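Now for the letters of each chain:
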Amino acid sequence: MPKVHPRLSVALCTLVLIALCSLGEAVAQRSGIDTYAITNARIVSVSGPIVERGTVVIRNGLIAAAGPNISTPPDARVIDGTGLTVYPGLIDSYTNLALPEPAPGPSPGGGGPGAFLLVQPQTRAIGGPNSTQPVGLQPEVMVEDTIRSTGNEIESSRNIGITTALTAPRSGIWMGQSALINLSGETPQQMIVRSPVAMHVSFTPLRGTYPGSLMGVFAQLRQMMLDAQRYRDSMQIYERNPRGIRRPETDRSLAALVPVIEGRMPVVMLANSEREISRALDLGAEFKLKLIIAGGRESDRVADRLAKQNVPVLLSLNLPRRTTAAMPEADPEPMRTLRERVAAQQTAGKLAKAGVRFAFQSGSLANMSDLMVNVNRTIENGLSAVDAVRAFTIWPAEIFGVGSQLGSIEAGKIANLTVTRGDLFDRNSRVAHVFIDGRPVDLRPAATTPLGTQATQDRPGGRGGVTGTWTMNINLGQGDRGATLTLQQEGDRVTGSIAGVLGSGEISNASMSSSDELRFTVPLNLEGQTKEATFTGTLSGNEIRGTVTVVGQSPGSFTATRARPN
Amino acid sequence: MKILITILFICVPAFAQQIGNPTTQQGVIPARGTFAIRNARIVTVSGADIENGTVVIRDGKIEAVGTNVNVPAGAQSIDGRGLSVYPGMIDAGTNMGLVEVPQGANGTVDTSEVGELNPNAKAITAVNPHSAHIGVTRVEGITNTLTAPTGGLISGQAALINLLGTAPKEMAVVPQFALVINYPRIGFGGGGFGGFVQAPPNLADTLTANERQVEQIRKMLRDAEAYGRAQEAYEKDKTLPRPDHNVVLEPLVPYVRGERPVIFRADREAEIRGAIKFADEMKLKAIILGGNDAWRVASLLKEKNVPVILTGIFSLPSREDDNYDVLYENAAKLQQAGVRFAISTGDAGPEVRNLAQYAGMAAAYGLSKTDAVKAVTLYPAQIMNVADRLGSIEPGKMANLVVTDGDLLEIRTHIRYLFIDGRPVVLSSRHTELNDAFKNRK
Amino acid sequence: MKKFLLISVVLLLGTAAYAQSNETLIKNATVLTVTRGTLTNTDVLLKNGKIAAVGKNLSASPNALIIDATGKFVMPGIIDCHSHSMLDTINEGTLAVTSMVRTQDVINPTDVDLYRELAGGVTTLNLLHGSANPIGGLNTVVKIKYGRPASEFLFPGAMPGIKFALGENVKRSSTPNTPGVQRRYPNTRMGVEETIRDAFVRARDYKRTWDEYRAASAKDKNLMPPRRDLQLEPLVEILEGRRYVHAHCYIASEILMLINLADEFGFKIKTFQHVLEGYKVAKEIAAHGAGASIFADSWGYKIEAYDAIPYNAAIMTRAGVVVSMNSDSDERARRLNIEAAKAMHWGDLTEDQALKLITLNPAIQLGIQERVGSIEVGKDADVAIWNAHPFSVYARVDTTLIDGTIFFDRQQDLARRPELAKERLTLEQADPNKPPARGAQSPNTPRRRPTGHTDDEIDQQEDRP
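Residues numbered from 1 in each chain as written. Chains lettered and ligands numbered in written order. Predicted model: local features only at pLDDT ≥ 70, side-chain atom pairs only at ≥ 80, totals over all residues. Heavy atoms only, no water.

1. Here we look at the confidence of the model for chain B
Residues and elements named next belong to chain B.
Turning to step 1, where the next piece is worked out: Looking at chain B as a whole, the pLDDT averages 92, with 92% of positions reaching at least 70.
Turning to step 2, where the next piece is worked out: For residues 3-22, every residue scores under 50 in pLDDT, and the model assigns this stretch 22 contacts once sequence neighbours within four places are set aside.
Turning to step 3, where the next piece is worked out: When the criterion is pLDDT under 50, residues 191-197 qualifies, and its contacts beyond four places in sequence or with other chains add up to 28 contacts.
Turning to step 4, where the next piece is worked out: This complex was scored by the predictor with a pTM of 0.86 and an ipTM of 0.93. (pLDDT = per-residue confidence, 0-100. Contact = heavy atoms within 4.5 Å.)

Below is the structure:
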């Protein structure tokens, strides 16, 4: 070994140090702030037996150690875990989290028989202006391109202990490619754990253009997969030797399907009823796809086929329940519906018994606090509590190919942890801490709401809701007037009252539409007279903006900010 | 048998000579004659069957019925051996004559006037006596229909007609028999395919909207009642201010006074109950048309003596969990509960001729065969207050008769002779003519 | 846990199968064989899904199910050659040629109307695409095994078929013009022909392209295959005689148009559907060798049906056309026995001729006559037991069997009613089924059911809910 000149070795070491320093923030920020130790806690590692009392050490965004006899590092911030249980961060296996709201599309031309004859104006193609396919048939769409790192929904999920979610595009037939994201990060890049994860398919026809029916959807899926096979083959032939061959046209949509038809990228198909799932399995078998079923309400009825074809299920926890009032003039509900609702609670237990892999998803629950209530239903109906934890942790991690990074509390894995006071599924337990990528997450004050609380409402469509106390500024042409607005929302009905310099009283005719528009009327004192004022505004996060109209006056405006959500 | 056929062949052309060349459209209706149908089985409907009897027709009426009757001199004889005589069938729930081709020929559709409240839309005005539907219907043994307008809340006035005549006046048995009201429905989306329709309306909103519509009807009926009183008062005392006439309110007066019945179209239980309650409140003589849920409301119908014209025998049960035969059995259940009913096709025109099969299906599922025949003869006549003239074979009634070679309700039976108003009807129609034109095409 | 057990037990009861055996002896019935006359006081033995024997005083193994059919009538299960039951969607109406879509992708085995059809003695359906397009989608022939998964419905060995449609529906003549919106081609019967002609011309070229490729690639393995086109492949199958064409049509001129077009391209129309003016061109239909699947007597509901007559079946039968009666309606499908009898009333067909209209003839039209359509030893055990002659209006089905398994039985249906009522009470107490106390939505107003002919519903282009 030749001797290195001393000056050279110093230079080399300096270079190495500089290189190390620029390796990224993890090195630069190395300090006591990112080392944590949760001590004296119960640890449900999922990968091993439950530890009744132990310590979990987090460092550098990863789990450094976990077990009964771990000593607390001196640079760690200590969290006393007495009375707490540490779980791997929960994974919601199907969401649209962190994606922008869909822009309201052109309305499908006033219902009625002729509607589909209308040529739909082409909105800016999500897949890109040069896509060869119409919107809805663009498999090249990737959520990675549109993830945002903030939003109410992310917080609602985190508050109940979800640290990671599969987020997928919202609409279309070939909906696009999903990503697995941690629910915390300053930039989208910090959130992404893996992208792309899978191709997503829903069997929803397009409006006004082919395919306009479910039959057409299947035909078009098949045709595009055949075309993708041909695209790959012709590209390969051309690449081997282009001479003498007309060049095949590039096509990003078909290119995006090549990993799918080669079984390298899984395909998630939305299917709930037995026949929907069977159709998806048939299509998957026809094209030898690596299939995953999302929804899966009746998947237990085809459990043997799912097990044989090795198809996992992302099982929705949006368990069906009756939402309509009892009315004497109404027909009794069909037996089929009654049976379905009862049977849906048993699906998870039956899948587990049949050896079908599955993971839980929130299934667009309007109210996330229903999630744990529904998990409890599945446990009451045959699923073991141990499997219930697995279905939230290691099973989704394995299904999404991140089994070495997430899903259990083991040294070296990403430090996503959910720490509860009480057993995770206990109705009285609370989420005490949530760690994502080794950092504690700011839980809302409302996060101390018990996990297992019975849902007070199912809100159609809207997330967030207007329940809460609002500070208002009302401007009717004579400067801003303040008021306090207290609102309570149940379903799409709203009640509440207003109090302030313009008067106090109950609001009436209040409602909340599914597009987050709030309306109500209330009498106000204006220049010595009591007049009825109508407020119409749009809710966005914790803010409402809108107009106030009073008969006989020009309209004014108002804003409202929510101080404490309920 | 050969002799019988020979006689028949002689008889039919005899009719033909009487009225000229039969065509689908008739400019001249056959004249009333004197006929004796001999040695036939007579299903009187009002009493026992007469196995070997004679029916005498004269001057448009049934003159005699029995085993040993006096046959007038000069009567044309019809050999009824092996044949049966029934009263002509009556379908009490049609739009016969008001529409020719509903899809694609809007000019031929006269069932429903614009606007919600049309008590002065009289079906008899628009009945087309030369509609092809009339011809194809009567050759199957249906001699009378109640023709009702549709649409809106108050659709208009229904007419009971003979299916023979060159002008509405010739056809009318009761030109303004009943007011027709569409009781507001609980149920939407006629087509049943809801793809592009908005989300179905919620029930609470529908019931509220329905109440408002009932209020509209209530208001008009009250106005009519006041109008009637004002007109009468003026007639008696000309010193009172002279009230103007009103073509819309005027026709309502007999109905609001309970002098003539009001037909309510209603199928679901809540609709039927609502209609009965409304009729009670407004003191109307109610008849229910439709009545799919009538069996559920049987005791109320019996208590209030409200008859039901059933049109849904051949409808699919409306609820997923309904028993598969719930609508087939409806008539039998009403019969058991003592509710007055009739069986109807509920059809606009082309399918009325299959009325017998509707009655037959009810008999397959619990109604007795004799009651099934009554359900399309005497019962509708009674419900329409014309049992003195129609619905059975009794002396003095109108000679609306059908002669068959078997059970009237069975599909394999053929119609041999038909009389309406004592006039012999040639058994040809648009269908038979097209058949004759093409059956021998080589 | 107790609640869970109770609910499971109740669920099992609710979906209880009929008493079954793989051997059933129907005794002492009047057997309408269709092909070998009517046999009185005759037994029919069903074994392992087939008709094992037909005769007097047959014997069966001790564990066989014995059905005493004294006074009853046994006939083959009715075959409905034009049905849209059990389809989640009926039309892909966006394009004029949709031969790439398949009804098999959208079959729904839980459609309750299937049970009602079983109660009318129907055992086999030809599920067709709707009539929105000159060239529609591929059909599916099914046995109504209500309660079984969809895959078990598929009729083994049925010839594949496709739906064509001519006339007013494809011209969208009842759809008003929307200003500024281009109507879909074709808008006239001229365009209808051109649409079909164009499709076959392209299919013929497609076939040649593939034939040439196959020949050439035998020598050159590096040849790129042509693009597979799922729209044209079924049309090639038609040209090669491997797929039946079932063509919805009404008036004489379009019937002749399609015959001439088929002759030009060298294929046969297997059946004309509805074909209400078939009686005007019966000899041409017979000469071409097409069958006719018709309404018994529907007429007058639209212009192209105005010349329809109930003698249609009789005239065409006498001209040598294989005629079947169909329903095109879940409602009418329940009483096809009476629809067939109408041909004895209008047209004086014989009883056997009329029976064939709903048994052997539709079987021939679907290519399944080796297996069903008559009561003969060796055929599938698809039969129905009636309490009176099926051509009587007073007749009712007692029992319907498919492949020897009971799928409808009136006595068992009646017996189950109180059990279902009890099950409902229990289910309504289960937590997810309880109506919410506050904030509840109002129940939806129930939908009115469609009536008449599914093909001609004004909103036919929509998907069925």
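Structure shown, so let's carry the discussion forward.
2. Some words on the packing of helix H5 (residues 203-236) of chain B against helix H7 (residues 269-282) of chain B
Helix-helix packing: each pair is described by the crossing angle between the helix axes and the interaxial distance.
Residues and elements named next belong to chain B.
Turning to step 1, where the next piece is worked out: Where H5 contacts H7, the two axes come as close as 12 Å, and the packing angle between them is 25°. In terms of their interaxial angle, H5 and H7 are classed as roughly parallel. The handedness of the crossing between H5 and H7 is right-handed. For the pair H5 and H7, contact is made by Val214, Ile217, Arg218, Leu221 and Arg222 and by Phe278, Glu281 and Met282, respectively.
Turning to step 2, where the next piece is worked out: Of the residues contributing to the contact of H5 with H7, the split by class is 5 nonpolar, no polar and 3 charged. (Axes fitted to C-alpha atoms, helices over the stretch in contact; angles between N-to-C directions. Helix = DSSP H or I, 4+ residues; strand = E, 2+ residues; numbered from the N terminus. Parallel < 35°, antiparallel > 145°, perpendicular 65-115°, else oblique. Left-handed = near helix turned anticlockwise from the far one by under 90°. Nonpolar A, V, L, I, M, F, W, Y, C, P; charged D, E, K, R; others polar.)

3. Some thoughts on the pairing of strand S12 (residues 271-274) of chain C
Residue and element names in this part refer to chain C.
Turning to step 1, where the next piece is worked out: Bridge analysis of strand S11 (residues 244-249) against S12 gives 4 bridges, and the strand direction is parallel. Looking across to S12, one finds that alanine 247 is bridged to phenylalanine 272.
Turning to step 2, where the next piece is worked out: Pairing of S12 with strand S13 (residues 291-294) involves 3 bridges; the strand directions are parallel. Looking at the pairing, threonine 271 lines up with glycine 291 of S13. (Pairing = 2+ DSSP bridges.)

4. A closer look at the pattern of salt bridges
Turning to step 1, where the next piece is worked out: All told, the structure shown has 97 salt bridges over all chains when counted by the stated rule.
Turning to step 2, where the next piece is worked out: A salt bridge links aspartate 105 of chain C to arginine 222 of chain A; the shortest N-O distance between them is 2.8 Å. Of the two residues, aspartate 105 of chain C sits in the loop between strand S6 (78-83) and helix H2 (112-118) while arginine 222 of chain A sits in helix H5 (residues 214-240), which places them in two different chains. Of the two residues examined, aspartate 105 of chain C and arginine 222 of chain A, each falls in the buried class. (Salt bridge = Lys/Arg side-chain N within 4 Å of Asp/Glu carboxyl O. Buried < 20%, exposed > 50% of the residue type's maximum accessible area, 1.4 Å probe, protein only.)

5. Section: the confidence of the model for chain A
Residue and element names in this part refer to chain A.
Turning to step 1, where the next piece is worked out: Summary statistics for chain A give a mean pLDDT of 85 and a share of 85% for residues scoring 70 or more.
Turning to step 2, where the next piece is worked out: pLDDT under 50 marks residues 106-125. Its contacts with residues more than four places away, or in other chains, come to 36 contacts.
Turning to step 3, where the next piece is worked out: Across residues 446-464, confidence stays below pLDDT 50; counting only partners more than four residues off in sequence or on other chains, it has 47 contacts.

6. A word on the nonpolar core
Turning to step 1, where the next piece is worked out: In this structure, Phe360 of chain A, Phe264 and Ile343 of chain B together with Phe272 of chain C are the most contacted members of the largest nonpolar core, which totals 274 residues.
Turning to step 2, where the next piece is worked out: Here this core takes 12 residues from H5 of chain A, the largest share from any one element.
Turning to step 3, where the next piece is worked out: With sequence-adjacent residues up to four places away left out, phenylalanine 360 of chain A is seen in contact with Ile91, Asp92, Ser93, Leu315, Leu317, Ala348, Val375, Thr378, Leu383, Ala388, Ala391 and Phe392 of chain A.
Turning to step 4, where the next piece is worked out: By size, the runner-up hydrophobic cluster in this structure holds 27 residues, among which are Val466, Leu485, Leu539 and Phe558 of chain A. (Core = buried A, V, L, I, M, F, W, Y, C linked by side-chain atoms within 4.5 Å.)

7. Considering empty space enclosed by the protein
Turning to step 1, where the next piece is worked out: Summed over the entire model, instances satisfying the criterion amount to 9 cavities of 30 Å³ or more.
Turning to step 2, where the next piece is worked out: Of the voids in this model, the largest cavity is the one considered here, and its volume is about 160 Å³.
Turning to step 3, where the next piece is worked out: Lining the largest cavity we find 19 residues, and of these Tyr328 and Met361 of chain B together with Arg334, Arg335 and Ala395 of chain C sit closest to its centre.
Turning to step 4, where the next piece is worked out: At the level of secondary structure, the elements contributing two or more residues to the lining of the largest cavity comprise helix H10 (355-364) of chain B together with helix H9 (336-345) of chain C.
Turning to step 5, where the next piece is worked out: Classifying every residue of the lining of the largest cavity by side-chain character gives 11 nonpolar, 4 polar and 4 charged.
Turning to step 6, where the next piece is worked out: When its volume is computed, the second largest cavity comes out at roughly 120 Å³.
Turning to step 7, where the next piece is worked out: Lining the second largest cavity are 15 residues; nearest its centre among them are Glu140, Ala356, Leu408 and Glu410 of chain B together with His345 of chain C.
Turning to step 8, where the next piece is worked out: Broken down by class, the residue content of the lining of the second largest cavity amounts to 8 nonpolar, 4 polar and 3 charged. (1 Å grid on protein atoms, 1.4 Å probe; cavity = no way out; pocket = protein on both sides within 12 Å on 5 of 7 lines; lining within 4 Å. Points joined across faces, edges and corners; volume = space filled by probe spheres on them.)

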